[in-house]
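Chain by chain, the residues:
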Amino acid sequence: MVASTSSAIVLSVNGEKYPLSVDHRTTLLDALRERLDLTGTKKGCDQGQCGACTVLLDDRRTVSCLQLAVAAEGREITTIEGMADGDRLHPVQQAFLDFDGFQCGYCTPGQICSAVAVIQEHAAGWPSAVTGDVRPEAGPPPLTAEEIRERMSGNLCRCGAYVSIVQAVAQAATAGAGAAAADEEAAA
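Because the structure is predicted, anything quoted here is derived from the model rather than measured.

Counting secondary structure elements, the protein contains five helices and five strands. Secondary structure elements of the protein, listed N to C terminal, follow the sequence β-β-α-β-β-β-α-α-α-α. Its C-alpha atoms give the protein a radius of gyration of 18 Å, near enough to 16 Å, the size a compact globule of 188 residues would have. Viewed in the frame of its principal axes, the protein has a C-alpha envelope of about 60 × 45 × 40 Å. Burial status across the protein gives 39% buried among its 188 residues. Counting contacts in the protein only where the partners sit at least 6 residues apart, residues at least 24 apart contribute 53% of the total. About 10100 Å² of surface is accessible on the protein, with carbon and sulfur atoms providing 52% of the total.

Here helix H3 (residues 108-123) is 16 residues long and its end C-alpha atoms lie 22 Å apart, about the 22 Å a rise of 1.5 Å per residue gives. Buried residues dominate H3, accounting for 14 of its 16 residues. Of the residues one or two after H3, Gly125 is the one with positive phi, at around 90°.

About the criteria used
- Residues numbered from 1 in each chain as written.
- Predicted model: local features only at pLDDT ≥ 70, side-chain atom pairs only at ≥ 80, totals over all residues.
- Heavy atoms only, no water.
- Helix = DSSP H or I, 4+ residues; strand = E, 2+ residues; numbered from the N terminus.
- Rg over C-alpha atoms; globule rule 2.2 N^0.38 Å.
- Buried < 20%, exposed > 50% of the residue type's maximum accessible area, 1.4 Å probe, protein only.
- Contact = heavy atoms within 4.5 Å.
- Areas by Shrake-Rupley, 256 points an atom, 1.4 Å probe, with all protein chains shown as cover.
- Expected span 1.5 Å × (residues − 1).

Here's what the structure looks like:
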């Protein structure tokens with residue numbers, strides 16, 4: 001008896017459920033682009049080195065070219081198409097527009113997905129390789145340009161829009177912190 005090389009799965013992408021039959025070797029990137037026609041996620045190096053294919057998997061960033069689609073079943077996948085709230089851009093998307101955090105735009109979807117995760121990781125107190133004091137009681141370090149560059153280092157921009165990307169991430173983090181403080185104040 002020959003074992004099957006495909007499986008029927010259901011992917012949860014941007015809040016929608018998609019039943020698919022996929023070869024076990026199908027990457028999440030290929031399932032998103034070729035099977036679900038969600039082409040915002042880009043195929044760059046196809047080796048996990050450029051970050052163009054970054055998506056959020058259960059709110060954690062992952063390079064979708066190295067993630068098998070069958071392993072993503074039962075997890076929440078967020079692509080660039082799922083970032084905005086209707087016509088209202090996600091704060092990171094808006095910051096990228098405000099600061100021209102893109103040139104050709106090819107890497108931008110992956111950059112934005114990574115930036116969303118970077119801001120969440122920083123707010124949760126996760127240290128980076130450049131964090132000076134990594135003790136949990138020290139809390140999140142200041143989100144300096146050096147911290148942002150280190151945390152975003154898995155995403156390459158061949159056009160070199162890094163200065164604007166760092167400014168956009170800093171702005172979005174500041175806007176998010178302000179919104180969180182306003183929510184806490186309103187709840188009190």
